[in-house]
Amino acid sequence: MPAVTETYSLGVPVEVGKIDQKLKKLWQESEGAVTRASLMNLAVYSEDPGSLDRNTQLMARITEDHACRAIVIEADCNAENDRVDAWISAHCHVSRAGSKQVCSEQISFRLNGGCTTQLPNIVLSNLDSDLPLYLWWQHEFREPMDPQLWTWVDRVIYDSRPWQDFQAQMRLVESAQTEAKQRIVLCDLNWTRLDKVRFALAQFFDHPTSHHRLAKISKLRIDFARGFRSTALLFVGWLAAQLNWCPEKTDGENKLQFVSSSGRKIDIEIRQRDGQPIHEVALTAADIEFVVTHAKCGDLLEVSRGKPGEKRIPQLMPAGKDDPVSLMSEELMRGGPHHVYLRAVDCVRDFL
Amino acid sequence: MLMNRTADQPEPNPLREGLATRPVPQPCSIVIFGATGDLAHRKLVPALYNVAADGELPPAVTIVGFARRKKSDDEFRRDLEEATRKFSRQPVRDEIWKTFAQSIFYHQSEFGDESGYKALVERLDEIDKTHGTRGNRLFYFAAGPDQFEPILKHLKAAGLNQTCKGSWVRVIVEKPFGTDLASARELNRIIHNSFTEEQTYRIDHFLGKETAQNILVLRFANAIFAPLWNTHYIDHVQITAAETLGVGTRAGYYERAGALRDMVQNHLLQLLCLTAMEPPTDLSADSIRDEKIKVVRSLRRWSRNEIAANVVRGQYAKGAIHGDPVLGYRQEENVNPDSQTDTFVALRLFIDNWRWADVPIYMRVGKRLPKSATEISIHFKKAPAVLFNKDLHDLNVLVIRIQPDEGISLRIHAKVPGTSFHIEPVKMDFHYGTSFGKASPEAYERLLLDAMSGDATLFARRDEVEQAWAFIDPIEQAWHAKKDVPELFFYPAGSWGPEAADDLLARDGRAWRRL
């Protein structure tokens, strides 16, 4: 077998029952100085044809920053015959510390037929022991949510943006959480997508003398790109949850009104515009406008505050990227529960 | 992050909850004294650029370079841009630098020129108006320690130590914090003539390193170590700070300082404190520093006669580093040919408290050693000499690597596969660089942000510094006495120091860890 190297192929075909044995052999036969590293089990599940190759490429990039045991699964639930094919491979990168190669192993599965019954068995029997299990679910959830699987998952990662029926999907996710006795952390990449914009807006209010302005917010405008309405609504939900706003009324699809705990009205407009997923956020508190907008160069945010017509000192901040690798890297860097996300969802659940 | 909110701090920003990043500090002007020097160019400004590029600086932070040389704002910006492109952790992006550079200014003045400080007041007031820095000032002393007094005196005379309502003034002091207890007290007195202790941040960049901060996490977030971390289970501790470099261009300073003052009094004692301290009551700056200082206070003091038996000093002679011949210390530029300066120190310490009674702490630091490495190793006691252990000599060792290749390893015993019971030591190894792809911020990035945020946890307090000197002074005095002076041992460059350093452990039946 050749040396362990960076690869985008599925690797070596193996019998499902001999995966451990073959993985061991893979490392024993590797040439040169390589280190196997793993901080987690990262399982990826998709029902899209061709997803196995696509996700293998994503894993090659994700493992550059997040050493893990990757378990990549492509399922064809409509196939007539039950069949499981498996492969093993490794993603190797030169570490920051020097010339040593750091490798993450990948086990790939193609499942045909009977998906829901095979999945827990496939995943659970191939975990790297004592490491958390992150399950990246790239498809819509459907019943039944198998408790055998969900009780083992530490974090379930999904992207709510393309969901057709947010409420139904969220109910399924929450039922998985109940099965897991609340241990499971829900990680929505649509929420991760907001991280940099949330940070950019939050930093305006770090200074204690700015806190009072939070109680004077009267207007909020969010410009979002086509297909990112739910992202904009999650942003509204975040502000509502953290600042104790309640929904008051809607005026059409894109104009909302919330009311603060003191009875102050907050007019919210979400507008579809060409540009980045969340292209611009403008928040008005008394006579000051706080603006976060994408800079022309794309991957930077420009933030500024000031009175209308006043000269502002803009600052550039990282904007992050809206691709799966960047979003996953951002999400995998975080720990702890996502209480704020759940509260944000609760605030705008009816609009999503 | 170690920062905790204390009772007198305002409520946190509700929009921060759940965000992975720390709150940005308050707007301020950072005035760097000695702004044309190496430290500002190689460390401070690249560090500030990096935190700005990561979005962790508010827009209203300005940098005002204060130095003697004539220079315009634009010339100063160009110099800093060149240095930042060379020394920054991440590549410099033109668009970010352009915005960042707009907040950089140069103020030319002699350190002892009163009018220069009056002009500085006007300049800072103007910057407050144009850049929204709100009267907050952070004075960074990157000039030589001989300049501290005139700078402090003039800052006070100009009223720059005063705060307006709602604003703050802080001062960051670089080492050396004096050269002995008397001078440290004098320096503290001078500082406190102008600034309170709460306003004073004594920077020790070792404490800004990721692994140094991780010592507390390792000890107090992992239950398995707590019951073992004491005299019942630990045989001894070794702390090593080795570097391959010689004195280089620092002879002027180093001739007066030596390794004991340059490294042990600050960096190594700080690492020892983090390793040996009791759990703090909380993570506030003073709770942690209260525990650290107890360690220094508990260090056993030696009489003059005991010093030679417990401290070995050395100086490198000519030799080779990585195969290349190098000069001896006395042959280096600007070094006295009869210099008695220590470039190597090994110490045998004891912490006389309940936890560490009779556990020797061996510490060594040196220049021109075979490799550069800073680490702490905890050597556990042997298992009872029964069953497998009759012929085992290796101890279980937990190693905390501070630099380079930050990480933690644990040496345990394992059976060699086969039909016989042959046992060998094996190593379980955690490397930051391997496990976490994200690069750690530079120590100065963390420390500058902490100082701007008013978090003094990773800075040395006055009493820590003075207690450290109180421990070091008797050793220096013995070395500079008129008679019965402990010997200065010479070691070839590229070796692990003089044999006397090995004897220090050999007398106890121990040996330095092989790095």
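Residues numbered from 1 in each chain as written. Chains lettered and ligands numbered in written order. Predicted model: local features only at pLDDT ≥ 70, side-chain atom pairs only at ≥ 80, totals over all residues. Heavy atoms only, no water.

### Structural notes on the overall build of chain A
Right, on to step 1. Summing up its helical and strand segments, chain A has 11 helices and 17 strands in all.
Right, on to step 2. Computed over its C-alpha atoms, the radius of gyration of chain A comes to 23 Å, within 12% of the 20 Å expected for a compact globule of 352 residues.
Right, on to step 3. Projected onto its principal axes, the C-alpha positions of chain A cover 70 × 45 × 35 Å.
Right, on to step 4. Among the 352 residues that make up chain A, the fraction classed as buried is 53%.
Right, on to step 5. Considering only contacts within chain A whose residues lie at least 6 apart along the sequence, 69% involve residues at least 24 apart. (Helix = DSSP H or I, 4+ residues; strand = E, 2+ residues; numbered from the N terminus. Rg over C-alpha atoms; globule rule 2.2 N^0.38 Å. Buried < 20%, exposed > 50% of the residue type's maximum accessible area, 1.4 Å probe, protein only. Contact = heavy atoms within 4.5 Å.)

### Some points on the pattern of salt bridges
Right, on to step 1. What the rule picks out here adds up to 58 salt bridges over all chains.
Right, on to step 2. The residue Arg221(A) makes a salt bridge to Glu280(A) at a minimum N-O spacing of 3.0 Å. Taken together, the residues Arg221(A) in strand β10 (residues 217–224) and Glu280(A) in strand β14 (residues 278–285) connect sequence positions 59 residues apart.
Right, on to step 3. Judged by its relative accessible area of 19%, Arg221(A) falls in the buried class.
Right, on to step 4. With relative accessibility at 18%, the residue Glu280(A) sits in the buried group.
Right, on to step 5. Across the pair Asp429(B) and Lys427(B) runs a salt bridge, and its minimum N-O distance is 3.8 Å.
Right, on to step 6. You can call Asp429(B) partly exposed: its relative accessible area is 36%.
Right, on to step 7. You can call Lys427(B) exposed: its relative accessible area is 56%.
Right, on to step 8. One network of salt bridges, with partners in common, ties together Asp286(B), Arg289(B), Asp290(B), Arg461(B) and Asp463(B). (Salt bridge = Lys/Arg side-chain N within 4 Å of Asp/Glu carboxyl O.)

### A look at the side chain of Glu47(A)
Residues and elements named next belong to chain A.
Right, on to step 1. Mapped onto the elements, glutamate 47 comes out in the loop between β3 (41–46) and α2 (51–65).
Right, on to step 2. A polar side-chain atom of glutamate 47 sits 2.6 Å from a polar atom in the side chain of arginine 142.
Right, on to step 3. Ignoring sequence-local partners within four residues, the contact set of glutamate 47 consists of Ala75, Cys77, His139 and Arg142. (Polar contact = N/O pair within 3.5 Å; in protein donor to acceptor, adjacent residues only side chain to side chain.)

### Let's talk about the state of the cysteines
Residue and element names in this part refer to chain A.
Right, on to step 1. In the structure shown here, the tally under the stated rule is 1 disulfide over all chains.
Right, on to step 2. Here cysteine 187 stays free of any disulfide, with the sulfur of cysteine 68 as its closest cysteine sulfur at 15 Å.
Right, on to step 3. Not part of a disulfide, cysteine 347 finds its nearest cysteine sulfur in cysteine 246, a span of 7.1 Å.
Right, on to step 4. Relative accessible area serves as the criterion here: at 17%, cysteine 347 is assigned to the buried category. (Disulfide = S-S within 2.5 Å.)

### Description of the sheet that holds strand β3 (residues 104–108) of chain B
Residue and element names in this part refer to chain B.
Right, on to step 1. Read across the open sheet, the 7 strands follow the order β3-β2-β1-β4-β5-β6-β17; overall the sheet is mixed. Each of the sheet's edge strands pairs with one partner strand only, and the pair in question is β3 and β17 (459–460).
Right, on to step 2. In this sheet, β17 lies alongside strand β6 (residues 200–203) in antiparallel orientation, the contact comprising 2 bridges. In the strand pairing of β17, arginine 202 is matched with alanine 460. (Pairing = 2+ DSSP bridges.)

### Brief notes about empty space enclosed by the protein
Gaps left between atoms show up when a probe the size of a water molecule is rolled over them.
Residues and elements named next belong to chain B.
Right, on to step 1. Here the structure, examined in full by the defined rule, presents 4 cavities of 30 Å³ or more.
Right, on to step 2. Looking at the second largest cavity, its volume works out to about 100 Å³.
Right, on to step 3. Every residue lining the second largest cavity is listed: Phe177, Asp204, Gln265, Asn266, Leu269, Gln270, Cys273, Val296, Ala460, Glu464, Val465 and Ala468.
Right, on to step 4. Elements that contribute at least two residues to the lining of the second largest cavity include exactly α8 (251–276) and α13 (462–479). (1 Å grid on protein atoms, 1.4 Å probe; cavity = no way out; pocket = protein on both sides within 12 Å on 5 of 7 lines; lining within 4 Å. Points joined across faces, edges and corners; volume = space filled by probe spheres on them.)

### Notes on the pairing of strand β14 (residues 397–403) of chain B
Successive residues of a regular strand alternate their side chains across the two faces of the sheet.
Residue and element names in this part refer to chain B.
Right, on to step 1. Here β14 lies mainly inside the structure; 6 of its 7 residues are buried.
Right, on to step 2. Pairing of strand β13 (residues 373–380) with β14, which is carried by 6 bridges, proceeds in the antiparallel orientation. By the bridge assignment, histidine 379 is partnered in β14 with valine 397.
Right, on to step 3. Pairing analysis gives 5 bridges linking β14 to strand β15 (residues 407–415), with the strands arranged antiparallel. Each residue of the ladder has a partner; that of arginine 401, found in β15, is glycine 407.
Right, on to step 4. Between the end of β14 and the start of β15, which pair antiparallel, lie 3 residues, with aspartate 405 showing a positive phi angle near 50 degrees.

### A closer look at the interface of chain B and chain A
Right, on to step 1. On the side of chain A, 41 residues touch chain B, which itself brings 42 residues to the contact.
Right, on to step 2. Counting each side, the surface lost to burial between chain B and chain A is near 3400 Å², with a carbon and sulfur contribution of 60%.
Right, on to step 3. Linking chain B to chain A there are 3 salt bridges.
Right, on to step 4. In this structure, the salt-bridge partner of Arg16(B) is Asp206(A), at a minimum N-O distance of 2.7 Å.
Right, on to step 5. Applying the counting rule to chain B against chain A returns 10 residue pairs in polar contact (both at pLDDT 80 or more).
Right, on to step 6. Within the residue set of the side of chain B that touches chain A, elements represented by two or more residues are α1 (38–53), α3 (94–101), α4 (114–131) and α11 (432–435) of chain B.
Right, on to step 7. A total of 4 residues in the side of chain B that touches chain A trace back to one element, the largest contributor, which is α11(B).
Right, on to step 8. Split into classes, the residues belonging to the side of chain B that touches chain A amount to 18 nonpolar, 14 polar and 10 charged. (Buried area = accessible area lost by both parts, 1.4 Å probe. Nonpolar A, V, L, I, M, F, W, Y, C, P; charged D, E, K, R; others polar.)

### Points about the packing of helix α9 (residues 285–298) of chain B against α13(B)
Residues and elements named next belong to chain B.
Right, on to step 1. Direction vectors running N to C along α9 and α13 enclose 10 degrees, while the axes themselves pass 9 Å from each other. Between α9 and α13, the crossing angle belongs to the class labelled roughly parallel. Side by side, α9 and α13 meet where Arg289, Lys292, Ile293, Val296 and Arg297 of the first sit next to Asp463, Glu464, Gln467 and Ala468 of the second. (Axes fitted to C-alpha atoms, helices over the stretch in contact; angles between N-to-C directions. Parallel < 35°, antiparallel > 145°, perpendicular 65-115°, else oblique.)

### Notes on the domain arrangement of chain A
Residue and element names in this part refer to chain A.
Right, on to step 1. Domain parsing of chain A yields domain 1 (12–139) and domain 2 (195–351).
Right, on to step 2. Each of domain 1 and domain 2 has a C-alpha centre, and the two are 37 Å apart.
Right, on to step 3. Contact residues are listed per partner, giving 8 residues for domain 1 and 7 residues for domain 2.
Right, on to step 4. Taken together, the two surfaces of domain 1 and domain 2 that pack against each other cover about 740 Å², and 81% of this comes from carbon and sulfur.
Right, on to step 5. Area buried by domain 1 at its contact with domain 2 is led by Ile62, His66 and Trp136, which between them contribute 53% of it.
Right, on to step 6. The interface formed by domain 1 and domain 2 includes 0 salt bridges.
Right, on to step 7. Linking domain 1 to domain 2 there are 1 residue pair in polar contact (both at pLDDT 80 or more).
Right, on to step 8. At the level of elements, α2 and β7 (133–137) are the ones that each hand at least two residues to the side of domain 1 that touches domain 2.
Right, on to step 9. Sorting elements by how many residues they give to the side of domain 1 that touches domain 2 places α2 first, with 3 residues.
Right, on to step 10. Looking at the side of domain 1 that touches domain 2 residue by residue, the classes come out as 6 nonpolar, 1 polar and 1 charged. (Domains from an automatic or database assignment.)

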